[in-house]
Amino acid sequence: MPNPTSYIAFRERRTAGPGQIEISLAELRGDSARMAPHWVVPPMAAAAPVPPSLIHGVVVSPASARLVGSMPVYGD
């Protein structure tokens, strides 16, 4: 089986303009499917909470604070 990362079907694609290649959605999905196994996603570390003492210069209007405070996700 040929290396999927080295396969590019230029003869199937039409030139859209200088420096551009016109490609169909099906071709784009096929290219992405061939490349996906080669992409490794590094594990994301959970972000640590920032202490309020390190937050400087943030100004929030009282109306915005009330709006956010009234949201069930952030308030109460």
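These figures come from a predicted structure and were not determined experimentally.

## With respect to the confidence of the model for the protein
Right, on to step 1. The predicted model of the protein averages 77 in pLDDT, with 75% of residues at 70 or higher.
Right, on to step 2. Per-element confidence in the protein ranges from a low mean pLDDT of 61 for strand E1 (residues 14-17) to a high of 90 for helix H2 (residues 62-70).

## Digging into the pattern of salt bridges
Right, on to step 1. In the structure shown here, the tally under the stated rule is one salt bridge.
Right, on to step 2. The partner of Arg 34 in a salt bridge is Asp 31, and the shortest N-O contact between them spans 2.4 Å. Here Arg 34 and its partner Asp 31 are both found in helix H1 (residues 25-35), three residues apart, which amounts to about one turn of the helix.

## Comments concerning a nonpolar patch on the surface
Right, on to step 1. A grouping of Val 50, Leu 54, Ile 55, Val 58 and Val 60 is seen on the molecular surface, where their side chains present a nonpolar patch of about 490 Å² in accessible area.
Right, on to step 2. For Val 58, the position within the fold is in the loop between H1 and H2.
Right, on to step 3. Relative accessible area serves as the criterion here: at 59%, Val 58 is assigned to the exposed category.

About the cut-offs
- Residues numbered from 1 in each chain as written.
- Predicted model: local features only at pLDDT ≥ 70, side-chain atom pairs only at ≥ 80, totals over all residues.
- Heavy atoms only, no water.
- pLDDT = per-residue confidence, 0-100.
- Helix = DSSP H or I, 4+ residues; strand = E, 2+ residues; numbered from the N terminus.
- Salt bridge = Lys/Arg side-chain N within 4 Å of Asp/Glu carboxyl O.
- Patch = residues over 30% accessible without salt bridge, like charges linked within 9 Å, V, L, I, M, F, W, Y side chains within 5 Å.
- Areas by Shrake-Rupley, 256 points an atom, 1.4 Å probe, with all protein chains shown as cover.
- Buried < 20%, exposed > 50% of the residue type's maximum accessible area, 1.4 Å probe, protein only.

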